[in-house]
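Coordinate analysis (summary)
Below are the chains, spelled out letter by letter.
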Amino acid sequence: MSPAAKAASVDVRGLSVHAVRADGSSKAIVEDISFSLPPGEVLALIGESGSGKTTIALAMMGFSRFGGTISAEEIRVGDMRIDQMDEHALTGVRGHRIAYIAQSAAAAFNPSRPIMAQVIEPLLVHGQCSRKAAEAKAITLFRALALPEPETIGSRYPHQVSGGQLQRLMAAMALISDPELVILDEPTTALDVTTQVEVLRTFKSVIAQSGATAIYVSHDLAVVAQVADRIVVLKDGRMCEDGRAGQILEAPANGYTRALLSAARPAARPASQTAAENVLTVSGIHAGYGRVTDGVPAIPVLTNIDFTLKRGATLGVIGESGSGKSTLARVIAGLLPAARGEVRLEGERIAPRMEDRSREQLRRIQLVFQNADTALNPAQTVGQILARPLAFYHGIKGAQAHARVAELLDMIRLPASIMDRRSNELSGGQKQRVNLARAFAAQPDVLLCDEVTSALDTVVGAAILDLIDELRRELGITTVFISHDITTVRAFCDQMLVLYAGTPVELSTRETFAGAVRHPYTRLLVDSVPEMDPEWLAQRAAAERPALAVSPSSGPRSQPLCRFLARCPVAVAGTCDVLPPPVQETAGQRLMCHHTTAQLAAPAPLSEPVAP
Amino acid sequence: MAAAVSRRSPLASLLPLIAKRAASAVLTLFLVSMVVFAISALLPGDAAQESLGQSATPEQIAALRHEMGLDRPGYVRYAEWLTDMLSGDPGQSYVANQPVADIISQRLPNTLMLASVTAVLSVFAALAIGISSAINRGSRLDRALNIVTLSLVAIPEFLVATLGVLVFSVKLLLLPSIALVSEDATWSETLRSMALPVFSLGCIVVAQMARMIRAAVADQLDRSYVEMARLKGVPFSCIITFHVMPNALGPIINAVALSLSYLMGGALIVETIFNFPGLASLMVNAVTSRDIPLLQSCAMIFCATYLVLMLVADVVAILANPRLRA
């Protein structure tokens, strides 16, 4: 990387972007945006979806999606007047002096071309250097970005590297031309929390090294707190607040900023009132895809899942993507029959396959899908969607059903007039409410919520969570709450099940979860959640290296060894890589680890091996 | 995760995939041969009846049938026919009394020439129309091309051919209205006589292909990687050539193969109008004269061409997709 030779200051005055509607009229996406940024600083654009943050960021490159028109008194980046440049001049600036890092690297990389060709493309199209020099420079960058096999990773195709690596490769693609301004558009949003922290750390250090000015677009205040010098808060295309990061985070002047901040720190809810009876018992569940031989599917996803939930209790299921969280919901609902093990409802064993369950059993377990957009039939009205479970499970029809639908809508705080609207006329939050009401219409005993707030904005999601919490308490519903958002789960649930690669590494009550004893993987997960404190990233020690070099190809799934072995910072040679991990049960906690609970409580990595 | 990515040799992982695809093509061809044989046996009347005419007595017909081997059970005749076909002998024409292979070898080069000239011209035209309307989506050019291609798909080819004859042969006196293809014709004569058939056939396949190419390219243009390439400052022509085309190749090849397979067998109307001595008109003659061996051979040629084109399209799509390739 070249030294911090050039960093541009950015000045924006009176920026508006208008989109042209189908009927020819134009509508402002963002209006009257002004800010300025000294060279070498990082500005964060913060806001919810639709707030226009990406639109503003793209306007810095003279680009607008869907043929929007950019107008501004001034958009100045260094010595360039972006607002006065024509398309040809802009093409020369993009990827050369101003670079862009997109939200989803998986979509932004061309699937048909090797990574190297795409990373060095900005240098080649702007004629900055020869192919050979460009490749050498790319390899230097790969190394700086802590990518594995920097010499050869460029010859792979995008689908052959992980999401976190691809995101870093995109940073290489942006930084390779030594830009004066880097625009990062939610660069870590699509990543798992454990990956996010590492990517964030690398981004921060390479941007600091390159000395470039940066504009960081995000909806996540805690992430922004780690990287930004200045913050601009946006709502509905207008600026709410603009100031130094510390001031915005600690003493927000604007009401909306305060709402954003409080939604990001959910208050813990009181423990649930639970009855003595066990409602949902899951024991020894093994499930996966493909042909099942001896109770083991060809592609196992879940192994040995056990838990019991009392009436009115909530279980939070957390883990990285691919850990089998959604599969667990599908197994309980009967969408994916378990290969082994059983699901009991009030002590009564129910069939693994949904088709073999009675209508009454189906009614008692309801699944709320993550994405209300696709879960609701766009051809039906809200009234039809809600009347269907009423007729199917309760035989309620006609005027009675109409009254009940109105009741349900009232319950989810939507006006009864919405009954005649179709789902595609509703906002994201309204759709998710209807999706919930559909599940509540069946009057279930068990509610399975699969990432119900992850597609929603923070403030809207927080309102949905409040609603679920209130209704489940009122109706005494047992809830399984699946989420990758540990903060939410901790505030919401009585019990926490931590899944790693389909194995339950830890099952704890909320109290023990808050305590010091944690499975190493849980510790990694919890420690990776960014905090609002700007010093958090700097203070957080770099992720500890795995203690044992275990090649992942030796197949953690094929052996009963600890699944976390290859990533575990406290694994013990001679024990963890030889014997399957024992299950340790103490009051309110079940851990799957070789270490004793006393050792797991210690914050530092353990040096003394434990006796097998 | 990435460390776990295995680096197999590309060929080793591809060969089974392609072999599987080829095997299924062979199996399909075998099933098609059964269908062709069964259907040709369902035609009312047979060659014996046809060649003796209306006045023949049932005894005479029966005798000729026995002589031709038509009175044996179907599966025996099928097995015999299939072995003959496999050994490269499609049999003897009942009507012309000469080997089917000879008759076909007179016609096949004509059809191949017509098809290949049309194919080359129409693929280039379709690519140009499809890509230019995709990159100018919603513009006047796109709408104009849309109307033209839609109309050409909708207009029956005999109308295009007749109009072509009317304009170029009758009014302008530029081109012959009948395709006189013979061995001693000069190059320019052949080209001139082929012009109108190629034009009529080309119209319909160009329109089909252009619409499918437009859809494939437009779909890719909406992807995030195209926006990313623009934000990297890649000139638009390079985005089309190096980013969009590699991804659109699979669907485009499929569209092209589908349209081209039409050129072999679907040229009947054009062949008839221009009196062009091709395979399609030969096959229709074989049906009317109940010349079953000839009919079966023609049908098998059309089916085999179709299957080969589809196979090529699939293999190209596999080769173009790095997820399948590496």
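Below or above, wherever it landed, is the structure these notes cover. What you see is a predicted model; the values in this text were computed from it and never measured. (Residues numbered from 1 in each chain as written. Chains lettered and ligands numbered in written order. Predicted model: local features only at pLDDT ≥ 70, side-chain atom pairs only at ≥ 80, totals over all residues.)

Here's the deal with helix H7 (residues 163-175) of chain A
Residues and elements named next belong to chain A. Along its 13 residues, H7 runs 19 Å from first to last C-alpha, staying within 8% of the 18 Å computed at 1.5 Å per residue. Burial of H7 is extensive: 12 of the 13 residues sit out of reach of the surface. All buried positions along H7 are accounted for by Gly164, Gln165, Leu166, Gln167, Arg168, Leu169, Met170, Ala171, Ala172, Met173, Ala174 and Leu175. (Helix = DSSP H or I, 4+ residues; strand = E, 2+ residues; numbered from the N terminus. Expected span 1.5 Å × (residues − 1). Buried ≥ 20, exposed ≤ 12 C-beta atoms within 10 Å, placed from the backbone.)

A word on the sheet that holds strand E7 (residues 98-101) of chain A
In any sheet, the strands associate via hydrogen bonds between backbone groups, in a parallel or an antiparallel arrangement. Residues and elements named next belong to chain A. If you trace the 6 strands from one edge of the open sheet to the other, you get E7-E8-E9-E3-E10-E11, paired in mixed fashion. At either margin of the open sheet sits one strand with a lone partner, and together these are E7 and strand E11 (238-244). Taking the axes of each pair of neighbouring strands and ignoring which way they run, one obtains an average angle of 15° across the sheet. (Pairing = 2+ DSSP bridges. Axes fitted to C-alpha atoms, helices over the stretch in contact; angles between N-to-C directions.)

Brief notes about the environment of Leu426 of chain A
Residues and elements named next belong to chain A. Position of Leu426 relative to the elements: it lies in the loop between helix H16 (398-411) and helix H17 (428-441). Residue Leu426 is classed as partly exposed on the basis of its C-beta count, with 19 C-beta atoms lying within 10 Å. The spatial distance from the C-alpha of Leu426 to the C-alpha of Glu74 is 37 Å, given a sequence separation of 352 residues. In contact with Leu426, other than residues within four places in its own chain, are Arg421, Lys431 and Val434. (Contact = placed C-beta atoms within 7 Å.)

Side note on the packing of H17 of chain A against helix H18 (residues 458-475) of chain A
Residues and elements named next belong to chain A. Contact geometry of H17 with H18 gives a least axis separation of 10 Å together with a crossing angle of 20°. Overall, the two elements H17 and H18 adopt an arrangement that is roughly parallel. Seen from above, H17 lies across H18 with right-handed handedness. From H17, Gly428, Gly429, Gln432, Arg433, Leu436 and Phe440 reach across to H18, where they touch Val460, Ala463, Ile464, Leu467, Ile468 and Leu471. (Parallel < 35°, antiparallel > 145°, perpendicular 65-115°, else oblique. Left-handed = near helix turned anticlockwise from the far one by under 90°.)

Details of the sheet that holds strand E13 (residues 296-310) of chain A
All names here are of chain A. In space, the 4 strands of this open sheet follow the order E13-E12-E15-E16, with antiparallel pairing throughout. Looking along the sheet, the strands with just one partner apiece sit at the ends: E13 and strand E16 (348-350). This sheet shows a mean twist of 30° between the axes of neighbouring strands, independent of strand direction. Relative to E16, strand E15 (residues 340-345) is paired through 3 bridges, and the arrangement is antiparallel. Bridge pairing in E16 places Leu345 opposite Glu348. Along the sheet, helix H12 (residues 325-333) makes contact with strand E12 (278-293), E13 and E15, crossing E13 at roughly 75°.

Some points on unusual backbone geometry
All names here are of chain A. Unusually for a residue other than glycine, Glu149 sits at a positive phi of about 45°. Take Glu149: it is sitting in the loop between helix H6 (131-144) and H7. Although it is not a glycine, Asn304 sits at a positive phi angle of roughly 55°.

Remarks on the pairing of E12 of chain A
Residue and element names in this part refer to chain A. Pairing geometry for E12 and E13, over 10 bridges, is antiparallel. Residue pairing in the sheet places Val282 in a bridge with Phe307 of E13. If you look at the hairpin formed by E12 and E13, you'll find 2 residues sitting between the two strands, and Asp294 has a positive phi there, around 50°. As defined by bridge partners, E12 adjoins E15 across 5 bridges and the pair is classed as antiparallel. Following the sheet pairing, Thr281 is matched in E15 by Arg344.

Keep in mind that these numbers describe shape and distance, not what the molecule does.
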